Amino acid sequence: MGGFAAPFAWNYYNFALVFFLGRIAHLSWEVVQRIGYLLPFLILGVFCPMYCYKKIFPHHSFSLLAAGLYLLNSYSLMVIGGGQIAGIGFAYAFLPLILLSFIKLIDTITKNEVQPVQMFKVSLQTSLLFSLEIFFDLRFAYMLIIAAAIYLLLTLSYIFPIKNLSRLLAALLFVFIIPVVISAFLHAFWLLPTLVSHQSPTAALSSVYTTQNAVQYFSFAKLEDTISLLHPNWPENVFGLTHFMQPEFLLLPFLAFSSLFFISKKPQRNTQNVTDTIDGYTSWWQEKIIFYFCLLGLIGAFLAKGANDPFGGLYLWMFSHVPGFIMFRDPTKWYTLVAVSYSILIPFSIRSMYDWLSARRKFSIFNFQFSIRPKLFNLQNIFLLLVLGYLLFLIRPALLGKLTGTFQTHHLPKEYARLASYLETQSTFSRTLWVPAIQRYGFYSSQHPEVSAYDFFHVTAISEVFGHLDNKATLPLLQESAVKYIIVPYDPEGEIFLTDRKYDQKKYESTVIQLQKMPWLKQIKGFGKIAVFEMNGAKDHFWSTDPAMHIAYQFKNPSEYFLSVKNAKAGDRIIFSEAFDSHWIAEINSSQNIIESRNYHKSFTSFLLPASGKYTLHVTYEPQKLVTMGLILSGWSLFMIVVIGSWIIIVDRKKDI
Amino acid sequence: MKLQDIIFLIIFAFLLWQRKPLWLIAAGLLCLLFAISLFAMHIFFTAERLIEYAFFLLLAANVLLVVRKSIDMQK
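Residues numbered from 1 in each chain as written. Chains lettered and ligands numbered in written order. Predicted model: local features only at pLDDT ≥ 70, side-chain atom pairs only at ≥ 80, totals over all residues.

Asks: Please clarify how the overall build of chain B should be interpreted in this entry.
Replies: Broken down by element type, chain B carries 3 helices and 0 strands. Taken from the N to the C terminus, the helices and strands of chain B come in the order α-α-α. Principal-axis analysis of the C-alpha atoms gives chain B an extent of 50 × 20 × 15 Å. Across the 75 residues of chain B, 37% fall into the buried class. Sequence separation of at least 24 residues holds for 57% of the intrachain contacts in chain B that already meet a minimum separation of 6. (Helix = DSSP H or I, 4+ residues; strand = E, 2+ residues; numbered from the N terminus. Buried ≥ 20, exposed ≤ 12 C-beta atoms within 10 Å, placed from the backbone. Contact = placed C-beta atoms within 7 Å.)

See the structure below:
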């Protein structure tokens with residue numbers, strides 16, 4: 001029924017790309033999906049972890065394995081299969097590169113001889129990457145800050161006691177304050193309206209998103225799942241459907257944490273740069289990196305299990321008390337830290353084991369000496385083949401084509417295409433109420449928004465929906481909400497009418513029959529298995545309690561309308577069938593006179609007319625002006641960053657010459 | 001608290017007292033290996049406990065290694 005969406009506008013890219021490729025370039029959905037989402041995801045998903053591994057271990061040749069582990073684990077495959085490539089998928093693929101940038105930044109700052117300009121240059125690079133991550137998904141940016149904080153603490157523990165306090169302050173400034181401030185400026189288009197309008201981002205969300213019960217409900221993964229990088233819904237990806245632990249996945253943490261055995265006993269103490277590393281030995285820096293990724297993997301596994309044991313109460317406490325943690329109702333997002341950790345540790349362990357086996361060309365059993373000469377069928381290559389076979393075995397459902405979701409081809413049912421055509425021909429504004437919930441193929445537009453009955457009545461069961469529909473007060477509420485059609489969706493994907501997580505035809509039929517019995521509904525035939533019911537008396541988007549008043553309105557965009565009102569009497573009320581929000585205002589006859597919105601029936605936005613006569617009203621949502629201002633500020637910030645960045649690069653080059 | 005938890009705590013305390021991170025890592029990895037066989041035999045309760053033990057052993061090993069290295073760096 002409408003609401004304040006600015007706090008969630010950081011994922012605007014998701015819709016903008018589809019709009020540009022689909023509506024403006026007129027490309028088909030299949031092409032948009034491949035060019036806009038799948039291809040960039042695959043490129044980023046391979047390049048970022050490979051680059052990260054190569055930068056940490058430049059002498060190792062297993063970077064492709066790092067990419068394979070990061071891109072083809074059960075968590076990332078579930079993200080792809082669940083259709084979350086736009087946003088979450090990109091944020092996931094991009095994360096190793098930004099984490100590496102933070103690591104580089106912290107290392108730069110903690111070195112003694114580095115100048116502040118150099119620190120600022122690296123901080124600026126990191127800030128830009130960090131801003132991009134927010135653009136994809138704010139939660140992943142939050143995870144990055146936590147991961148960076150862990151690395152900073154680890155680095156500081158190495159140089160403890162910190163002799164120079166200014167170095168600690170510099171670390172806080174360049175690692176956290178500058179990236180956060182620059183990102184805030186670049187994201188001013190949604191931050192400005194959110195901060196100025198003083199609306200809590202959680203206010204628009206129901207208790208399903210913000211309570212500790214919700215966290216407990218969403219904590220599907222246990223510690224054995226998270227530490228094994230095994231998504232709890234693998235491989236079916238059916239919400240809430242979990243299996244017995246698949247023990248073969250436990251070899252992954254075994255391989256990952258074996259890396260601690262392979263760090264050199266005497267690392268080169270005075271080498272801070274990776275390039276100083278000698279083959280076969282881990283440098284001081286690489287050793288620190290291995291400790292860091294082990295710690296990151298363990299922390300990620302602990303957080304990803306959410307409210308489950310051990311110490312599940314700690315996650316619940318953090319959810320309620322730590323700022324920003326409220327975004328992690330679904331704790332599985334923390335799997336990303338486990339994935340990035342294992343994508344570094346496992347290839348390192350395998351490479352180390354490979355080297356160890358390569359060094360053992362001779363071995364003896366009961367005093368019999370054996371020597372291994374073959375170049376191809378030797379111990380190390382057999383080991384490598386076994387490991388590769390094992391990793392492929394883990395993702396066998398993907399290789400055998402058993403994964404669902406976007407891994408399978410779906411066709412839009414004809415019924416939904418017919419319904420979309422029918423609704424598009426309806427010129428007046430009206431809402432569609434989907435009982436019990438919206439189906440993914442369901443049509444919606446600004447002229448015909450869709451509403452889920454679960455959300456409308458704030459319930460979670462079909463029986464509760466009918467409890468409300470049987471209530472006499474519901475009919476006028478639906479009419480005032482401009483609901484003209486009540487629709488029972490055809491559920492070809494088996495996502496709505498479920499009993500024990502399986503499609504239940506009887507549930508669907510019973511829903512249709514119960515609606516057919518309602519005297520105030522008339523069924524419209526011709527939509528196959530989609531049951532469409534029309535109801536009389538639905539109000540328009542703008543309407544009045546005074547029948548003599550005539551209202552004509554023009555829709556400009558969802559935050560701006562022009563109204564022409566005739567036969568109005570003083571004290572008449574114009575009701576706008578959108579959820580009440582005090583930021584809606586009506587400007588009278590292009591003057592400075594403004595009518596503030598009032599709450600009508602504790603649900604709708606309304607405007608009280610001060611005098612009788614004709615009116616021309618300009619109804620706007622005030623925070624939208626802040627979005628425009630924010631966009632200008634974001635644009636200027638980007639321009640300034642490019643100018644300052646270019647200037648630093650030019651100065652650096654001149655110094656080099 | 002079950003008997004297995006008490007045994008774990010005793011071993012854990014002993015390993016910490018010994019201050020040998022490699023022993024802690026080895027114990028953690030052994031717990032993971034035992035858990036694999038127990039999960040395969042559908043002995044879930046003990047297997048889940050072993051995973052928790054592995055988690056704490058590996059965490060302790062990591063912290064101990066970091067502390068030891070930071071002391072080394074000061075010398």
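Don't stop here, the text continues.
Asks: Would you explain the overall build of chain A in this entry?
Replies: Summing up its helical and strand segments, chain A has 24 helices and 18 strands in all. By principal-axis analysis of the C-alpha atoms, chain A measures approximately 105 × 60 × 50 Å. Residues classed as buried in chain A amount to 38% of the 657 residues present. Considering only contacts in chain A between residues 6 or more positions apart, those separated by 24 or more positions represent 70%.

Asks: Please explain the nonpolar core as it appears in this structure.
Replies: With 129 residues, the main nonpolar core has Phe102(A), Leu144(A), Ala35(B) and Ala54(B) as its most contacted residues. Contact partners of Ala54(B), with chain neighbours within four places excluded, come to Gly28(B), Cys31(B), Leu32(B) and Ala35(B). Core analysis: the next-biggest nonpolar cluster, separate from the first, contains 28 residues, Tyr416(A), Leu419(A), Trp434(A) and Ile487(A) among them. (Core = buried A, V, L, I, M, F, W, Y, C linked by C-beta atoms within 7 Å.)

Asks: Just checking my understanding: could you explain helix 7 (residues 138–158) of chain A for this structure?
Replies: In an α-helix, one turn spans 3.6 residues, which is why side chains three or four residues apart end up on the same side. Helix length check: helix 7 of chain A (21 residues) gives 31 Å between terminal C-alpha atoms against 30 Å at 1.5 Å per residue, within 8%. If you check which residues of helix 7 of chain A are buried, you get Leu138(A), Arg139(A), Phe140(A), Ala141(A), Met143(A), Leu144(A), Ala147(A), Ala148(A), Tyr151(A), Leu152(A) and Leu154(A). Looking at the buried side of helix 7 of chain A, the elements it contacts are helix 5 (85–110), helix 6 (116–136), helix 8 (165–186), helix 14 (284–304) and helix 16 (335–358) of chain A together with helix 3 (44–74) of chain B. (Expected span 1.5 Å × (residues − 1).)

Asks: Help me understand the sheet that holds strand 16 (residues 598–600) of chain A in this model?
Replies: Paired through their backbone hydrogen bonds, the strands of a sheet run either parallel or antiparallel. Residue and element names in this part refer to chain A. Judged by pairing direction, the sheet is antiparallel, and its 4 strands sit side by side in the order 10-13-17-16 without closing on themselves. With partners counted over all chains shown, the strands left at the sheet margins are strand 10 (542–544) and strand 16, one partner each. Averaged over all neighbouring strand pairs, the angle between strand axes comes to 40 degrees, with direction disregarded. (Pairing = 2+ DSSP bridges. Axes fitted to C-alpha atoms, helices over the stretch in contact; angles between N-to-C directions.)

Asks: Before we go on, may I ask you to explain the interface of chain B and chain A in this structure?
Replies: For an interface, size is often stated in terms of accessible area lost upon the parts coming together. Taken together, the contacts link 22 residues of chain B with 22 residues of chain A. Those elements that place two or more of their residues in the side of chain B that touches chain A are helix 2 (21–40) and helix 3 of chain B. Considering every element that reaches the side of chain B that touches chain A, the biggest residue donor is helix 3 of chain B, with 13 residues. Its residues assigned to classes, the side of chain B that touches chain A comprises 16 nonpolar, 3 polar and 3 charged. (Nonpolar A, V, L, I, M, F, W, Y, C, P; charged D, E, K, R; others polar.)

Asks: Before we go on, may I ask you to explain unusual backbone geometry in this structure?
Replies: A negative phi holds for most residues other than glycine; trans holds for most peptide bonds. All names here are of chain A. Look at the link from Trp234 to Pro235: it is a cis peptide, with omega at 0 degrees. The topology assignment puts Pro235 in the loop between helix 12 (223–227) and helix 13 (251–257). Each neighbour pair has its own omega, and for Asp309 with Pro310 the value is 0 degrees, a cis peptide bond. Considering the arrangement of structural elements, one finds Pro310 in the loop between helix 14 and helix 15 (312–321). Phi at Phe311 is positive, roughly 55 degrees, even though this residue is not glycine. Tracing the backbone shows Phe311 in the loop between helix 14 and helix 15. Not every positive phi belongs to a glycine, and Asn567 is a case in point at roughly 60 degrees. Tracing the backbone through its elements, the reader meets Asn567 in strand 12 (residues 560–568).

Asks: Is there a simple way to think about the pairing of strand 14 (residues 584–588) of chain A in this case?
Replies: The side chains of a regular strand alternate, residue by residue, between the two faces of the sheet. Residue and element names in this part refer to chain A. Pairing of strand 14 with strand 18 (residues 613–621) involves 5 bridges; the strand directions are antiparallel. By the bridge assignment for strand 18, Glu587 is matched with His618. Across 3 bridges, strand 14 lies against strand 15 (residues 594–596) in antiparallel orientation. Counted as the bridge partner of Ala586 is Ile595 from strand 15.

Asks: Looking at this model, I keep getting lost on helix 3 (residues 63–71) of chain A. Mind explaining?
Replies: Residues and elements named next belong to chain A. The buried fraction of helix 3 is high, at 8 of 9 residues. Of the positions making up helix 3, those classed as buried are Ser63, Leu65, Ala66, Ala67, Gly68, Leu69, Tyr70 and Leu71. Where helix 3 is buried, its residues meet helix 2 (29–56), helix 4 (74–81), helix 5 and helix 16.

Asks: Explain the pairing of strand 17 (residues 604–608) of chain A here, please?
Replies: Residues and elements named next belong to chain A. With respect to burial, strand 17 is a largely interior element, 4 of its 5 residues being buried. Sheet topology note: the strand 13 (residues 573–579)/strand 17 ladder contains 5 bridges and is antiparallel. Note that in strand 17 the partner of Ala579 across the bridge is Phe604. Here strand 16 pairs with strand 17 via 3 bridges, running antiparallel.

Asks: Just checking my understanding: could you explain the environment of Ala611(A) for this structure?
Replies: All names here are of chain A. Topologically, Ala611 is positioned in the loop between strand 17 and strand 18. Given 11 C-beta atoms within 10 Å, Ala611 falls into the exposed group. With 165 residues separating them in the primary sequence, Ala611 and Ser446 have C-alpha atoms 31 Å apart.

Asks: Would you mind going over the sheet that holds strand 18 of chain A with me for this structure?
Replies: All names here are of chain A. Overall, antiparallel pairing links the 5 strands, which are arranged 11-12-18-14-15 in an open sheet. Of all the strands in the sheet, the pair left with one neighbour each is strand 11 (550–557) and strand 15. Across the sheet, the mean angle separating the axes of adjacent strands is 25 degrees when strand polarity is ignored.

Asks: Before we go on, may I ask you to explain the packing of helix 2 of chain A against helix 5 of chain A in this structure?
Replies: Residues and elements named next belong to chain A. Contact geometry of helix 2 with helix 5 gives a least axis separation of 8 Å together with a crossing angle of 20 degrees. By the angle class used here, helix 2 and helix 5 are roughly parallel. At the point where helix 2 passes helix 5, the crossing takes the left-handed sense. Packed against helix 2, whose contacting residues are Tyr37, Leu38, Phe41, Leu44, Gly45, Cys48, Pro49, Tyr51, Cys52 and Lys55, the element helix 5 presents Ile85, Ala86, Gly89, Phe90, Ala93, Phe94, Pro96, Leu97 and Leu100 at the interface. Looking at side-chain class alone, the contact of helix 2 with helix 5 contains 16 nonpolar, 2 polar and 1 charged residues. (Parallel < 35°, antiparallel > 145°, perpendicular 65-115°, else oblique. Left-handed = near helix turned anticlockwise from the far one by under 90°.)

Asks: Help me out: how do you make sense of the packing of helix 2 of chain A against helix 3 of chain A in this one?
Replies: Each pair of packed helices gets described by two things: the angle between the helix axes and the distance between those axes. All names here are of chain A. Their axes nearest at 8 Å, the elements helix 2 and helix 3 cross at an angle of 135 degrees. As far as their axial angle goes, helix 3 and helix 2 are oblique. Seen from above, helix 2 lies across helix 3 with right-handed handedness. From helix 2, Gly45, Val46, Pro49, Met50, Tyr53 and Lys54 reach across to helix 3, where they touch Ser63, Leu64, Ala66, Ala67, Tyr70 and Leu71. Per-class residue counts for the contact of helix 2 with helix 3 are 9 nonpolar, 2 polar and 1 charged.

Spatial relationships are all this shows, so hold off on functional conclusions.
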